[in-house]
Amino acid sequence: MNPKMLLTAVAFVHRRQLQHRRHCLVAKQQNSVVLRRAMTSSSDDVDDIDKAGRFFEMEQRNWEKGFDAYDKGFGRPLTRQTISTLLSDGGFPPSTNISEERPFKLLDVATGPGFVLSGAIDAAMKINRSEENHRCSNYQFIGLDITQNFLNMAKRRIDAQLQHYQQQKEEENVHFNIDFVVGSAESLPFDDESFDSIVCNFGILHFFHPDAFLRESFRVLRPGGRVCFSAWAPPDRTEGFRITLESIAAVGNPNVEGLPEGPNFFDFGDSNQAMKVLKDVGFEETKSVELSEMQWTSINNGSELYDVMLQGTSRTREVLLGQTQDESRAIVSLMAQKYATVTNSGKRYLAMPAVITSGRKPE
């Protein structure tokens, strides 16, 4: 095997050991932080901590179960459409030469199935093929997620991709060091000023305190580094969500008992609000763009839409699971009708635009 190929057997075993220790450490840290805050905080703070804990448990539980359905229903046909813009606005590939003394470090938060890291590898290899004087040939990528199942999926995807490049003998001038870490976006387990770029593809929708993620990103970014995240546009423009939410409101129960409280799912679909949050944290050169041409090409009827929402989401899954049998049947039926109306009986795909927002940490 080429000595520059990073995922050797020894490195793999070492990485899995690190993952296990980090997973245990994250759990211990979360428990100790909750206990310490509960002992020293006001009743309102304790209530917020309890809500955050319940929300985190819901997200972790559903993604441990729904990782494969998300990969097939959302990831492959839909969320991959944001990656080139996400990486570019996040400062990758680097536009200037990077010192060979240190690698260019990119962190993918809520890495999920690993599509963003895969896109970063392809982008780096494209530069390697097209330029004689490479801007950077040494990369360190880290994928972070709260669920081990997603990380295992991402690792398999990256392994296969790197093996392909190895077989093509295209990786000889580029060195990748890739790691996968179990951890929380709201308390990043990394040193200050340790990354050049941080990206997050639709993960910010699943954080109880998204502003905490942005503050943590500011902390671990090097001066001049960039952060970039994607979010769904509001449901008046994302037809898949509109059909689902309108159907639940019309014939089901949108106020399911026991559903953990959480932030508005579409907060960061508002460009002005998203940029304001970045500026409040301290980022400059903020910008936000909407990818209005995105389409959900794998959904062919309302029943398929219902199944993906039930199996490959978190909060929406909880709402759908909380319906009675009669309500569920009525929701499925109405979603089928609405899908047919919106798509002219399947003659076009569902529109699913996303908003991508980015900012730069001052030098």
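Residues numbered from 1 in each chain as written. Predicted model: local features only at pLDDT ≥ 70, side-chain atom pairs only at ≥ 80, totals over all residues. Heavy atoms only, no water.

Draft legend 1. Fine view of the pairing of strand S1 (residues 104–109). For S1, the buried fraction is high: six of the six residues fall into the buried class. Two elements, S1 and strand S2 (residues 138–145), share six bridges in a ladder whose sense is parallel. The residue bridging Lys105 from the neighbouring strand is Gln140, located in S2. The sheet contact formed by S1 and strand S4 (residues 195–201) spans three bridges and is parallel. Counted as the bridge partner of Leu106 is Ser197 from S4. (Buried < 20%, exposed > 50% of the residue type's maximum accessible area, 1.4 Å probe, protein only. Helix = DSSP H or I, 4+ residues; strand = E, 2+ residues; numbered from the N terminus. Pairing = 2+ DSSP bridges.)

Draft legend 2. View of the nonpolar core. The biggest cluster of nonpolar side chains holds 87 residues, and the ones touching the most others in it are Val109, Phe141, Phe176, Trp232 and Trp296. Contact partners of Phe141, with chain neighbours within four places excluded, come to Phe92, Leu106, Leu117, Ala120, Ile121, Phe176, Asn177, Ile178 and Asp179. (Core = buried A, V, L, I, M, F, W, Y, C linked by side-chain atoms within 4.5 Å. Contact = heavy atoms within 4.5 Å.)

Draft legend 3. Spatial organisation of the packing of aromatic side chains. One pass over the structure, following the stated rule, counts 22 aromatic pairs. With centroids separated by 6.0 Å and ring planes inclined at 85°, the aromatic side chains of Tyr70 and Phe150 adopt a geometry described as edge-to-face. Placement of the pair is Tyr70 in helix H2 (residues 43–75) and Phe150 in helix H5 (residues 148–167), with a sequence separation of 80 residues. Each member of the pair, Tyr70 together with Phe150, is buried. Ring-pair connections join several aromatic residues into one group, and the members of that group are Trp63, Phe67, Tyr70, Phe74, Phe150 and Trp296. For Lys361, the ring lying beneath its charged end belongs to Phe218, and the centroid distance is 5.0 Å. (Phe/Tyr/Trp six-rings, centres within 6.5 Å; stacked < 30°, edge-to-face > 60°. Lys NZ or Arg CZ within 6 Å of the ring centre and 35° of its normal.)

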